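Structural overview
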Amino acid sequence: MSSAEKWTSEHLLSSADRAIHLEQRRAQLLPIVDDLRRLAREMDAEVKEMESIEGDLPGQAKLRAWHVAKPLFKAADDAEKAIGDLIAFNARFQKAYEELPQKREEKRRRKALAKSGQPQAIEQGPAGAAPVKAGDEFGDVFDGLRRGA
């Protein structure tokens, strides 16, 4: 996709395009986050060095400096959070629209095999899980015990 084109929802349907979109947005937002944090630190230091205004109560100048600089720090945090939100969107989209149909199909297949009466389907359980033999689930922990002793 060229830089002149705008991103549309159709572009985000492909996992490769979503990865490209995420990297482009990350490359755009990280310098902004860094610049906002630098600016916030500089502004915070600048207003803390300012003298108190006539009529200030003790500590009021410091409180005013914190109150003034806080939105800049919040702006940097929000821009950084946007990157995390884009990552969360990618993960949720993949889980909900790419992996879920496959999981449901696997579940339907296992259920159909179980209904047909094939014993391997019933004993198999979840995909990838090894069947547990009776008495083997605790290993040899209880081998030395005798009943009533």
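Quick look at the structure, then. (Residues numbered from 1 in each chain as written. Predicted model: local features only at pLDDT ≥ 70, side-chain atom pairs only at ≥ 80, totals over all residues. Heavy atoms only, no water.)

**Some words on the overall build of the protein chain**
For the protein chain, the helix and strand inventory stands at three helices and zero strands. Along the protein chain, helices (α) and strands (β) appear in the sequence α-α-α when read from the amino end. Taking all 149 residues of the protein chain together, the buried fraction comes to 13%. Of all intrachain contacts in the protein chain linking residues separated by at least 6 positions in sequence, the fraction that spans at least 24 positions is 59%. If you sum the accessible surface of the protein chain, you get close to 12200 Å²; carbon and sulfur atoms cover 57% of it. (Helix = DSSP H or I, 4+ residues; strand = E, 2+ residues; numbered from the N terminus. Buried < 20%, exposed > 50% of the residue type's maximum accessible area, 1.4 Å probe, protein only. Contact = heavy atoms within 4.5 Å. Areas by Shrake-Rupley, 256 points an atom, 1.4 Å probe, with all protein chains shown as cover.)

**Some words on the side chain of Asn90**
With respect to the helices and strands, Asn90 occurs in helix α2 (residues 60-115). Here Asn90 falls in the buried class, since its relative accessible area comes to 14%.

**Thoughts on a positive patch on the surface**
Together, Arg104, Lys107, Lys111 and Lys115 give the surface a local cluster of positive charge. Structurally, the position occupied by Lys107 is in helix α2. (Patch = residues over 30% accessible without salt bridge, like charges linked within 9 Å, V, L, I, M, F, W, Y side chains within 5 Å. Salt bridge = Lys/Arg side-chain N within 4 Å of Asp/Glu carboxyl O. Lys, Arg positive; Asp, Glu negative; His and termini not counted. Charge placed at Lys NZ, Arg CZ, Asp CG, Glu CD.)

**Describing the packing of helix α1 (residues 15-49) against α2**
The interhelical angle for the contact between α1 and α2, taken along N-to-C directions, is 165°, at an axis separation of 8 Å. When the axes of α1 and α2 are compared, the pair comes out roughly antiparallel. α1 and α2 meet at a crossing whose hand is left-handed. Classifying every residue of the contact of α1 with α2 by side-chain character gives 22 nonpolar, four polar and ten charged. (Axes fitted to C-alpha atoms, helices over the stretch in contact; angles between N-to-C directions. Parallel < 35°, antiparallel > 145°, perpendicular 65-115°, else oblique. Left-handed = near helix turned anticlockwise from the far one by under 90°. Nonpolar A, V, L, I, M, F, W, Y, C, P; charged D, E, K, R; others polar.)

**Thoughts on α1**
End to end, α1 covers 50 Å across 35 residues, agreeing with the expected 51 Å (1.5 Å per residue, within 8%). Inspection of α1 places Arg18, His21, Leu22, Leu29, Val33, Leu36, Ala40, Asp44 and Val47 among the buried residues, and these make up the whole buried set. Those residues of α1 hidden inside the fold are in contact with α2. If you check the start of α1, you find a side-chain oxygen 3.3 Å away from the backbone N of Ala16, and it comes from Ser14. (Expected span 1.5 Å × (residues − 1). Polar contact = N/O pair within 3.5 Å; in protein donor to acceptor, adjacent residues only side chain to side chain.)

**A short note on the packing of aromatic side chains**
A full pass over the atoms with the stated rule returns two aromatic pairs. Between Phe93 and Tyr97 the ring centres are 5.1 Å apart and the planes differ by 35°, which places this aromatic pair in the tilted class. Residue Phe93 and its partner Tyr97 are located together in helix α2, separated by four residues, close to a single helical turn. Its relative accessible area of 15% is what places Phe93 among the buried residues. Taken together, the ring pairs in this structure connect Phe89, Phe93 and Tyr97 into an aromatic cluster. (Phe/Tyr/Trp six-rings, centres within 6.5 Å; stacked < 30°, edge-to-face > 60°.)

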